[in-house]
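# Structural features, examined
If you want the building blocks of each chain, they are given just below.
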Amino acid sequence: AKRNGRNDYHFYTAAMEANAQKEFDLENALRFALMRSELFLEFQPRVDTSSRKIIATEALMRWRRPDGEVCLPDVFIPIAETSGLILGMGNWVLKEACRACKAWQHGPLKGVSVSVNISQVQFVRDNFLSFVMESLRETGLPPHLLELELTESMLMEPSESIQQRIAGLSALGVKLSIDDFGTGFSSLAYLRRFAIDTLKIDRSFVMHMTDDPEDASVIHAIIALAISLGKRVVAEGVETVQQATQLAALGCHEMQGHWLGRPGDVGQLAQLARHGTKS
Ligand code: C2E
Ligand code: CA
Ligand code: CA
Ligand code: CA
């Protein structure tokens, strides 16, 4: 049937305007999030595949709105990035994660590291390396307990100063990982050139690995690549015992996902460390 194009068009622009207004409101609210202490961190365990012990955690940013609703990063990170607010927020996450990790070195989470997501906007800033150093110094966290999660696109054709930054971070003793590995560019040259410690296999491959032989092949290849380059490999988004069993058989070093533990506060993390994750 023929539809009224003009009305569709009006409807479309109205929807787009409503959307733009929503983003504008969100950005304005986000401006106050940091100073009003509305941001907090949750930590998700990363578990050693054979011992099933927690050896690392990933810090994930949360935003508690004044009405009590908790907003997840997929909603607010893109806005934080385009508005530049990510700089202040990202610095807060980095220092807060270092502080938390330092504090849990005295309890059941001793030796457990923390990994922090770094946005491209943050990473290319001149003062990034010095802020990492400041965070370590102020909190007293040993550098090897901090890991920075970068994305493949940050390592594509990096400028001279970015190359020096990566070398500087690795000289500090901080660990570097590639997040969402397998979803980015196909050139793998940067894996040889930079001191990358860990590859994190994107959840989208893990999701279908037990019923899609092609996804299983990709996972197999990434694990083999990591092992032959002497890097650690982590599977993200592990939700079932079948996935965990298959990943263990392939020699994947670590697993992260709902089956092993959802993101939570430090208390929940310590609980998991004491009583164990799935075994
Ligand atoms: P990511 O780095 O890939 O983080 C993993 C995401 O997968 C988290 O979502 C986590 O809650 C979710 N997840 C973990 N296990 C499972 C599972 O078994 N099943 C499913 N369905 N999901 C699982 P979250 O916390 O909503 O974060 C989304 C993204 O936001 C992150 O993806 C990361 O890219 C970004 N992000 C989070 N915190 C920060 C931050 O502090 N700074 C920056 N720049 N980005 C952040
Ligand atoms: Ca991540
Ligand atoms: Ca990821
Ligand atoms: Ca992801």
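In this report, the structure presented in the accompanying data block is examined. (Residues numbered from 1 in each chain as written. Chains lettered and ligands numbered in written order. Predicted model: local features only at pLDDT ≥ 70, side-chain atom pairs only at ≥ 80, totals over all residues. Heavy atoms only, no water.)

Locating E58 in the fold gives a position in strand β2 (residues 54-64). Given a relative accessible area of 5%, E58 falls into the buried group. Taking the C-alpha atoms as reference points, E58 and M154, 96 residues apart in sequence, are found 19 Å from one another. E58 has contacts with E42, F43, Q44, S115, N117, E149, K200, E236 and Q256, leaving out every residue within four places of it along the chain. For E58, the side chain forms a polar contact with the side chain of K200, separated by 2.9 Å. A distance of 2.8 Å separates a polar atom in the side chain of E58 from a polar atom in the side chain of Q256. (Helix = DSSP H or I, 4+ residues; strand = E, 2+ residues; numbered from the N terminus. Buried < 20%, exposed > 50% of the residue type's maximum accessible area, 1.4 Å probe, protein only. Contact = heavy atoms within 4.5 Å. Polar contact = N/O pair within 3.5 Å; in protein donor to acceptor, adjacent residues only side chain to side chain.)

For the rest of this paragraph, the subject is helix α5 (residues 128-139). The end-to-end C-alpha distance of α5, which contains twelve residues, comes to 17 Å, matching closely the 16 Å that a straight helix rising 1.5 Å per residue would cover. Those residues of α5 that are buried lie in contact with α3 (86-103), α4 (120-123), β5 (146-151) and α6 (160-172). (Expected span 1.5 Å × (residues − 1).)

Taken together, the neighbourhood of ligand 1 is formed by 21 residues, with R62, D179, R203, E239 and H258 sitting nearest. Within the contact set of ligand 1, a nitrogen atom lies 3.0 Å away from a side-chain nitrogen or oxygen of R203. Here a nitrogen atom of ligand 1 and a side-chain polar atom of E239 are 2.5 Å apart. Across the complex, the protein chains shield 83% of the 810 Å² of accessible surface that ligand 1 would expose by itself. (Near = heavy atom within 4 Å. Areas by Shrake-Rupley, 256 points an atom, 1.4 Å probe, with all protein chains shown as cover.)

Pairing between side chains of opposite charge can happen when their charged atoms approach one another. Per the counting criterion, the structure on display carries eleven salt bridges. Between R46 and E147 there is a salt bridge, and its shortest N-O distance comes to 2.8 Å. Of this pair, R46 sits in strand β1 (residues 39-48) while E147 sits in strand β5, placing them 101 residues apart in sequence. For the pair R46 and E147, a shared accessibility class is recorded, and that class is buried. When the shortest N-O distance is used, the salt bridge between K200 and E149 registers 2.8 Å. Placement of the pair is K200 in strand β7 (residues 198-201) and E149 in strand β5, with a sequence separation of 51 residues. Residue K200 is classed as buried on the basis of its relative accessible area, which comes to 0%. E149 sits in the buried class, given a relative accessible area of 1%. (Salt bridge = Lys/Arg side-chain N within 4 Å of Asp/Glu carboxyl O.)

Here the focus is the side chain of E152. Along the chain, E152 turns up in the loop between β5 and α6. Summary of buried charges: E152 has no salt-bridge partner, and the nearest side chain of opposite charge, K231, is 13 Å away. Here G182 takes part through its backbone nitrogen, which lies 3.3 Å from a polar atom of the side chain of E152. Excluding residues within four positions of it along the chain, E152 makes contact with I178, D180, F181, G182, T183, G184, F185 and Y190. (Lys, Arg positive; Asp, Glu negative; His and termini not counted.)

With 13 residues, α6 extends 18 Å from end C-alpha to end C-alpha; this agrees with the ideal 18 Å at 1.5 Å per step. Those residues of α6 not exposed but buried are I162, R165, I166, G168 and L169. Viewed end-on, α6 has its buried residues packed into an arc of 160°, placing them on one side of the element. Opposite its buried face, α6 presents the exposed residues E160, Q164 and A171, each directed more than 90 degrees away. Those residues of α6 hidden inside the fold are in contact with α4, α5, β5 and β6 (175-181). (Arc of directions from axis to C-beta.)

One can find S50 in the loop between β1 and β2. Take S50: its relative accessible area is 71%, and that puts it in the exposed class. Spatially, the C-alpha atoms of S50 and A248 are 7.3 Å apart, while their sequence positions differ by 198 residues.

No statement about biological role is implied by the geometric values presented.
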